[in-house]
Amino acid sequence: MAKQNDFFDSVYQVVRLIPEGRVTSYGAIANYLGAARSSRMVGYAMNASFNEMPPVPAHRVVNRNGQLSGRKHFEHPFKMQELLEAEGIQVEDDAVVGFQELFWDPFSLEG
DNA sequence: AAGGTGACAGTTT
DNA sequence: TAAACTGCCACCT
């Protein structure tokens, strides 16, 4: 049994479940993992997500305000916005337009 | 081994 | 109202 105890790996699995054209927040992922207090770790995990396989759609993860807080950690500061726009998500002032509407909750999978 | 870091979030001033 | 502070905890050096 592979030890999937790693918090990061758990985060990656959830992030990969984010549908295209949708976004979620770090806190939502942490909450889904039962670690609502570890929301910072979620973002921290994304920093290492670039080395993960398959690649994790980190661009679909924003903070609770819908701001692209982690855009500076991408290849280019604007890469995150481009990826979002490529999926039909409008980004304005480094924030997702209609974030609340595009927000995707991991719990929506269960029902 | 111990301390510092940080792509957040909630609370307080 | 907005801005600033603290808590938080798994990973990294």
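Look a little higher up for the structure.
The structure contained in this document is the topic of the report that follows. (Residues numbered from 1 in each chain as written. Chains lettered and ligands numbered in written order. Predicted model: local features only at pLDDT ≥ 70, side-chain atom pairs only at ≥ 80, totals over all residues. Heavy atoms only, no water.)

**Overview of the nonpolar core**
And step 1. Counting residues in hydrophobic clusters, the biggest one holds 26 residues, and the most contacted among them are Val-15, Met-46, Leu-84 and Val-96.
And step 2. At the level of secondary structure, the elements contributing two or more residues to this core comprise α1 (7-15), α2 (26-32), α3 (39-49), β2 (61-62), α4 (79-86) and α5 (99-102).
And step 3. A per-element tally of this core places α1 first, with four residues.
And step 4. Sequence-distant contacts of Val-96, that is, excluding residues within four places in its chain, are made with Val-23, Val-62, Gly-66, Leu-68, Leu-84, Ile-89, Gln-90 and Leu-102. (Core = buried A, V, L, I, M, F, W, Y, C linked by side-chain atoms within 4.5 Å. Buried < 20%, exposed > 50% of the residue type's maximum accessible area, 1.4 Å probe, protein only. Helix = DSSP H or I, 4+ residues; strand = E, 2+ residues; numbered from the N terminus. Contact = heavy atoms within 4.5 Å.)

**Things to note about the protein's contact with DNA strand C**
And step 1. The environment of DNA strand C is formed by Phe-7, Phe-8, Arg-37, Ser-38, Arg-40, Met-41 and Tyr-44.
And step 2. Arg-40 has a polar side-chain atom sitting 3.0 Å from a base oxygen of DNA strand C.
And step 3. For the surface near DNA strand C, the secondary structure elements donating two or more residues are α1 and α3.
And step 4. In the surface near DNA strand C, the residues fall into four nonpolar, one polar and two charged. (Near = heavy atom within 4 Å. Polar contact = N/O pair within 3.5 Å; in protein donor to acceptor, adjacent residues only side chain to side chain. Nonpolar A, V, L, I, M, F, W, Y, C, P; charged D, E, K, R; others polar.)

**As for the packing of α1 against α3**
And step 1. Viewed as axis vectors pointing N to C, α1 and α3 meet at an angle of 85 degrees, and their least axial separation amounts to 9 Å. What the angle tells us is that α1 and α3 run roughly perpendicular. On α3, the residues touching Phe-7, Phe-8, Val-11, Tyr-12 and Val-15 of α1 are Met-41, Val-42, Tyr-44, Ala-45, Met-46, Ala-48 and Ser-49.
And step 2. Looking at side-chain class alone, the contact of α1 with α3 contains 11 nonpolar, one polar and no charged residues. (Axes fitted to C-alpha atoms, helices over the stretch in contact; angles between N-to-C directions. Parallel < 35°, antiparallel > 145°, perpendicular 65-115°, else oblique.)

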